[in-house]
Every structure is written in C-alpha cells, then in structure tokens.
Amino acid sequence: LYLQNPEDIDDDEELNDGEMNGNGTPQEKVLREARIKAKAKRRLRRNSSRDSTTRESVSESGEPGTDPNSPKGKLNDRKSRSGKGRGLPKKGGAGGKGVWGAAGVIYDYEEPDARDPNYDDAVQGKTVYGTMVPELDENALQKTVTPIVKEYFEHGDGREVAALLQELNLGKRKHEVPSLAVSLALEGKASHRELTSRLLSDLLGKVLTADDVAKAFDKMLKDLPDLILDTPEAPQVLGQFIARAVADDVLPSNFLDSYKGRVNCDHARAALDRAAVLLSMKRGVGLDNVWGVGGGQRPVKHLIREAVIMVLESTGNTAVKMVKLLKMLWESGLVTLDQMNRGFQRVFDELPDINLDVPLVHTILEKFLDLCVQEAVITKQLRDSCPSRGRKRFVSEGDGGRVKE
C-alpha cells in the first residue's frame, strides 16, 4: 500500500465536482480532459520507478536481475525465435542453402538444374572429368626415371618400363628418358648397354618417337666434354649406341648425314666416325652383338628379318612353315604390326646384297609375301612396297633375240 499524492486527491475532487454538477463551460471541459491525461502520465512514471527499485533490490540480494523479456536476456539463446526446433546449430554447423557445407563432405553427382542462373542448355552434358597428372620438371624426372632404369638393368623387362613411363606426364621432356638411360649405361657394364639398346627399341612407338631419340643423342653429343670426365671412352661408346640405334631403326638412316660439315667438337666427331665405321660393315654384321653380349632376348624385328632370310636361302617347304610361325606370333600378340613391318622392311633394304648369294631372291620373296598376305600376316600395302626386280625387255626378232639393256 502507498499514500496517494495530494495533487491526485485535489484533481479527483475537482473532477468529481465537475462530474457531479454535470454542467460547465466548454473551457472547463477542456481543462478537465487535460488534467485527466496529466494524472495518467504521473501514475505511469510512479509505476516505472517502483519497478526499477524492485529490480535493483532483487539484484543486490543475489537473484538474477536480467529481464528475460529484454533483448539482452535473449543473448546466446539458441532457442528458435519462432518457437520451433531444439536450439541446435543449423545442419551441424555446415551452413544453410547456397554455402559450401561441412568440411570433408564428398557430394554425389547432381543433375543440372534448368533454373540455375549458370545453366546453359547449349553446352550442358559436354563436360569431361579426368585425373590431372602434373608435368615432371627436370629434377623430378631424374629422381623418378633413374630408379626405373636401374631396376630394368636387373629384370630386363622393357614392357614394364614402358608401362611405368606411360603413367608419367613427361610432357616436352620425353627426350631426356633415352639420354638418362644411355648416361647410366655409360657408367655400367656391357650387359647394361645391351639392355639399354633394347630398351630404346621397346619404347619406340609407345613412349618415344624417332624425333625424341634423335634429340636425345644430339644432346649427348653436345654433352660429351662433360661425359668424358666420368667415362673417358664415352665418344666410342656413344658412337656404338648411335650405330646400334640406326641399325635397329630407332634413329633415322640419315642421322649421320645431318652432321656432315657441322661438327666442331673433336669428341663428337670421334663418336660419329665410330658410328659410321660400324654402319659401313656389310649387311650390318656385328651390330646385333656390338656390346659383346648375346642372349635369347633379341629385338623382335631382328627375329622377323632372320626368319625371312631363312626362307630366302632355304629350299623345300620352309616358306609354309615359316608363315605358320609368323601367324602364331601375330595372333598371340608377341609381335605387333609395327614390328612385323619393320622386320620385312629391313629385308627389303638388304635385297641387293642378298641377291649376290641368292640370284632368285625376288621370285622367292614374291611367293613368300603372297603366302603371308593370304594368312593375314602382313598387309597388301607392305607386299606392294617390296622392290621389284628390274625386268629384262627383249627387242624384236630381227635383232636375233638380243636382250636390251
């Protein structure tokens, strides 16, 4: 209970007198309304003052002094403002619509939405996804390829090396692979050099091109002044590598001709002269064993060439048996189309020399090629590329049947 303000008592009395009289001038009526409004404001101020005093007293006594209905009372309150939900973070803290979502979440493929502002019907469905393999720089290539080549010296499987190199992004540094392999072989044994020559033949067409190999040997010819510091016989050894590569069709046959009159380095000139001497040997005798080691794993194109020469130099039904053997090698996948073609092409290149020992070589070879085409061992295009024997033309009977040269 509290005492009423004396002003309020006077106002009530005046108001009651006016109401009881029920009459008065218009000025009195306006005055009464103004007094009523003033009285209401005073009561409102007194009530607010009492509430403030009550809250301060409660706070001093240790009770919570924050009004739960005030904005500050709702600070850090996770309860839904709309009265729904349990007050937990939205989507586990991953955000709402249009944001990236929680870290580490892998999303499945979603169909394109035509309502998406970035949707383009003209290009939709043409996106191609693939694994991106970074291109190796010089240091990374050396650290990666060196162990592969050294392991190859142990197992001698060129197909495994080709498979490993195909998984790498060599980019414009493919020519550094044969350069690195030959450099390692220079410091190794004769067997390592033989394996390296075979490796270049195995990688051709799969990992390397003839231009890549030519670029590699060109680089090594320029690096000979540095190579002889560790391997004094590097010029002679590199010349043997070049000759073997030309004989194996890894390097183009005109590789040496491109250096005529353009070599100023004595070491490079010695390497090229060594290669020229080896290649000048009749029918390439000795190049297959240029490193002084043999073995059963000879390049396939050499086996094809030897098989064809056996047919040309033999008699009887050797041709039929050899065609069956070549067909078996082709169907089993041991011989590729490129290897088969290069083996026959080597025979075509050596026909002038073979003709000295086998005068009927052209006739025998034409029959053998026809059998190979019938059994689908070679293509008609390869058969037609075989050089034909120069035909002798006879003049009229009046010339006595003389042969016209």
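Bear in mind that the values here come from a model prediction, so they are computed numbers and not experimental data.

1. Observations regarding the overall build of the protein
Working step 1: Regarding its fold elements, the protein presents 16 helices and two strands.
Working step 2: A fraction of 68% describes how many contacts in the protein between residues 6 or more apart in sequence connect residues 24 or more apart.
Working step 3: Split by element, the accessible area of the protein, about 27400 Å² in all, is 51% carbon and sulfur.

2. Looking at the confidence of the model for the protein
Working step 1: Counting all residues, the mean pLDDT for the protein is 76, and 66% of those residues have values of 70 or more.
Working step 2: Scored below 50 in pLDDT, residues 390–397 makes nine contacts in the model with residues more than four places away or belonging to other chains.
Working step 3: For the stretch residues 399–405, pLDDT sits under 50, and the model shows nine contacts to residues farther than four places along the chain or on other chains.

3. Describing the nonpolar core
Working step 1: Residues Leu 203, Phe 217, Leu 221, Ile 242 and Leu 251 are the most contacted members of the largest nonpolar core, which totals 55 residues.
Working step 2: At the level of elements, α3 (138–155), α4 (158–166), α5 (176–186), α6 (190–203), α7 (210–222), α8 (224–230), α9 (234–247) and α10 (266–279) are the ones that each hand at least two residues to this core.
Working step 3: In terms of residues, this core owes the most to one element, α9, which gives nine residues.
Working step 4: Excluding anything up to four places from it in sequence, Phe 217 contacts Val 182, Leu 200, Leu 238, Phe 241, Ile 242, Ala 245, Leu 251 and Phe 255.

4. Some details on the packing of α3 against α4
Working step 1: Running from N to C, α3 and α4 point in directions that differ by 165 degrees, and their axes come no closer than 9 Å. As summarised for this structure, α3 and α4 are arranged roughly antiparallel, according to the angle between their axes. The handedness of the crossing between α3 and α4 comes out as right-handed. For the pair α3 and α4, contact is made by Val 145, Ile 148, Tyr 152 and His 155 and by Gly 158, Glu 160, Val 161, Leu 164 and Leu 165, respectively.
Working step 2: Taken together, the residues that form the contact of α3 with α4 break down as six nonpolar, two polar and one charged.

5. With respect to the packing of aromatic side chains
Working step 1: Taken as a whole, this structure holds three aromatic pairs when the rule is applied.
Working step 2: Geometrically, the ring pair formed by Tyr 152 and Phe 153 is tilted, given 6.2 Å between the ring centres and 50 degrees between the ring planes. There is no split in this pair, since Tyr 152 and Phe 153 are both buried.
Working step 3: Ring geometry for Phe 344 and Phe 368: centres 6.2 Å apart, planes at 25 degrees, overall stacked. Linking Phe 344 in helix α13 (residues 337–349) with Phe 368 in helix α15 (residues 361–374), this pair joins segments that are 24 residues apart in sequence. Neither residue differs from the other here; Phe 344 and Phe 368 are each classed as buried.
Working step 4: Residue placement shows Arg 262 over the ring face of Tyr 259; its charged tip is 5.4 Å from the ring centre.

6. Some words on the pattern of salt bridges
Working step 1: In the structure shown here, the tally under the stated rule is 14 salt bridges.
Working step 2: The shortest N-O distance in the salt bridge between Glu 194 and Arg 244 comes to 2.9 Å. Taken together, the residues Glu 194 in helix α6 and Arg 244 in helix α9 connect sequence positions 50 residues apart.
Working step 3: According to the relative accessible area criterion, Glu 194 is buried, its value standing at 4%.
Working step 4: Each of the salt bridges in this network shares a partner with another, and the network as a whole consists of Glu 194, Arg 198, Arg 244 and Asp 248.

7. Some remarks on the environment of Ala 210
Working step 1: Assignment of secondary structure puts Ala 210 in helix α7.
Working step 2: A sequence separation of 41 residues divides Ala 210 from Leu 251, and the C-alpha atoms of the two residues are 5.8 Å apart.
Working step 3: Discounting residues that sit within four places of it in the chain, Ala 210 has contacts with Leu 204 and Val 250.

8. With respect to the side chain of Ser 197
Working step 1: With respect to the secondary-structure elements, Ser 197 resides in helix α6.
Working step 2: Beyond its immediate sequence surroundings of up to four residues, Ser 197 is in contact with Phe 241, Arg 244, Asp 248 and Trp 291.

Criteria and cut-off values
- Residues numbered from 1 in each chain as written.
- Predicted model: local features only at pLDDT ≥ 70, side-chain atom pairs only at ≥ 80, totals over all residues.
- Heavy atoms only, no water.
- Helix = DSSP H or I, 4+ residues; strand = E, 2+ residues; numbered from the N terminus.
- Contact = heavy atoms within 4.5 Å.
- Areas by Shrake-Rupley, 256 points an atom, 1.4 Å probe, with all protein chains shown as cover.
- pLDDT = per-residue confidence, 0-100.
- Core = buried A, V, L, I, M, F, W, Y, C linked by side-chain atoms within 4.5 Å.
- Buried < 20%, exposed > 50% of the residue type's maximum accessible area, 1.4 Å probe, protein only.
- Axes fitted to C-alpha atoms, helices over the stretch in contact; angles between N-to-C directions.
- Parallel < 35°, antiparallel > 145°, perpendicular 65-115°, else oblique.
- Left-handed = near helix turned anticlockwise from the far one by under 90°.
- Nonpolar A, V, L, I, M, F, W, Y, C, P; charged D, E, K, R; others polar.
- Phe/Tyr/Trp six-rings, centres within 6.5 Å; stacked < 30°, edge-to-face > 60°.
- Lys NZ or Arg CZ within 6 Å of the ring centre and 35° of its normal.
- Salt bridge = Lys/Arg side-chain N within 4 Å of Asp/Glu carboxyl O.

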